[in-house]
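As a plain string of letters, each chain reads:
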Amino acid sequence: MPFRSGFVSIIGRPNAGKSTLLNALIGEKIAIVTRKPQTTRNRIHGVLEVAPKKGKHPAAQIVFVDTPGVHAPSTLLDKRMLQEVHDALSSRDVVLHVVDATRTLRAPSPDKPAAQAPGAITPEDEDAYILSLIRTLDCPVFLVLNKIDAIEKETLLPLIAHWSALHAYTEILPVSARKQDGLEKLTAKLVEHLPEGQRYYPKDQFTDQPERFLVAELIREKILQFTGEEVPYASAVVIERFEEPSAPAGKKPGAKPPLTRISAAIHCERTGQKAILIGKGGAMLKQIGAAARVEIERLVGTRVYLELFIKVAADWRSSGPFLDALDWKKQLEDLGSRQKE
Ligand SMILES: Nc1nc2c(ncn2[C@@H]2O[C@H](COP(=O)(O)OP(=O)(O)OP(=O)(O)O)[C@@H](O)[C@H]2O)c(=O)[nH]1
Ligand SMILES: [Mg+2]
């Protein structure tokens, strides 16, 4: 059977478990995950090689595209996050609509006209908005009911009934991203629906993200974990220095293990937020740095010297140029067009 390949966009409300699902499918931590909504800010590719299954499906490469959770935008950053969802839907072969099965059902009325303009989403309307997006698509859309490890079995059937009344999903698949339950079936069903085609990525590449961006994200994950209120949302991380070890690991006895030196700026919007990020006697910054360093060392495979400092950039979430500077896809595009000139 011929090889198959394609893009599978993962969309849903904030906190549905989209990034957890991406990581579980790929078997690597490529997207940060926290309990707070609006964790993901950019779309992220995760590449999965699927082995053929005799009599069932051929070998395939699936490019999963994780996206920010759909929510009512209030800043330019929010609008860009929503644009990432739209972009992910404009080029895809299959869409996964991920729903948190533990959320109490609040029926978006099928007769109520769904908000069309991005600016018109309200918190109650997120589901309706997502449905309005899905209804315009001409590709298969799967409903992925996530977090089934955390619900009573009896609640599953009413949930399926609720969602199937709202849209004619191609498949409805209950899964637990956290427990890696139901993922094999999901993958097999996806391959069935993918077109024939060649690989989009080399066989051993599992994400499109530059390492630097992943490092910045791991630092942001710790900020989200350890700080509260507005601070996580008003924080952005920029890697200012990334120095890889000059020589490969020396085997000589007594040779120092290789060290990667990283400096990162945490931008926040107010001096009060800066004070919180630093903490009493620098305690908060130390906690963020220590936790991030453990993960970064695992990622880069060397010891890491991590230097963090805080900058105040008033209202950066509404500044186009600042947001452009944060977006590595845009940076790469700019670099490419400058090289062409
Ligand atoms: N019990 C349970 N919790 C889960 C599962 N999948 C994700 N979670 C939790 O749900 C929370 C949100 O997970 P994320 O993967 O960050 O959700 P997301 O949809 O990417 O969220 P945004 O990036 O904010 O849109 C985290 O606390 C996860 O640990 C699951 O299968 N079961
Ligand atoms: Mg996410």
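Computed from a predicted structure; not experimentally measured.

The rules behind the values
Residues numbered from 1 in each chain as written. Chains lettered and ligands numbered in written order. Predicted model: local features only at pLDDT ≥ 70, side-chain atom pairs only at ≥ 80, totals over all residues. Buried ≥ 20, exposed ≤ 12 C-beta atoms within 10 Å, placed from the backbone. Helix = DSSP H or I, 4+ residues; strand = E, 2+ residues; numbered from the N terminus. Contact = placed C-beta atoms within 7 Å. Near = placed C-beta within 6 Å. Core = buried A, V, L, I, M, F, W, Y, C linked by C-beta atoms within 7 Å. Domains from an automatic or database assignment. Pairing = 2+ DSSP bridges.

Q: Describe in detail helix α1 (residues 18-26), supporting the description with residues and values.
A: One full turn of an α-helix is made of 3.6 residues, so residues set three or four places apart face in the same direction. With nine of nine residues buried, α1 is to be regarded as a mostly interior element. If you check which residues of α1 are buried, you get Lys18, Ser19, Thr20, Leu21, Leu22, Asn23, Ala24, Leu25 and Ile26. Buried residues belonging to α1 abut β1 (4-12), β2 (44-50), β3 (60-66), β4 (94-100), β5 (141-146) and α5 (183-193).

Q: So what's going on with the site of ligand 1? Residues and values would help.
A: Taken together, 24 residues sit near ligand 1, with Gly17, Ser19, Thr40, Gly69 and Arg178 positioned nearest. With three residues, the single largest contributor to the shell around ligand 1 is α1.

Q: Any chance you could break down the nonpolar core for me, citing the residues and the numbers?
A: Core analysis: the biggest nonpolar cluster contains 74 residues, and Val8, Ile10, Val144 and Ile219 have the highest contact counts within it. For this core, the element with the highest residue contribution is helix α6 (residues 211-226), accounting for eight residues. Of the residues that make up this core, three or more belong to each of domain 1 (4-193) and domain 2 (211-340).

Q: Talk me through unusual backbone geometry; I want residue IDs and the actual numbers.
A: Even without being glycine, Gln38 reaches a positive phi, approximately 65°. Of note, Gln38 is situated in the loop between α1 and β2. Look at Gln38 and you get partly exposed, because 17 C-beta atoms sit within 10 Å. Of note, the phi angle at Lys147 is positive, near 70°, even though the residue is not glycine. According to the C-beta neighbour criterion, Lys147 is buried, with 22 such atoms within 10 Å.

Q: Give a detailed account of the domain arrangement of the chain, specifying residues and quantitative values.
A: Examined at the domain level, the chain breaks down into domain 1 (4-193) and domain 2 (211-340). Here the C-alpha centre of domain 2 lies 28 Å away from the C-alpha centre of domain 1. Across the boundary between the two partners, domain 1 contributes 10 residues, which contact 13 residues of domain 2.

Q: Please give an account of the pairing of β3 that cites residues and values.
A: The element β3 is extensively covered by neighbouring structure, given that seven of its seven residues are classed as buried. Here β2 runs beside β3; their pairing, made up of seven bridges, is antiparallel. Bridge pairing in β3 places His45 opposite Val65.

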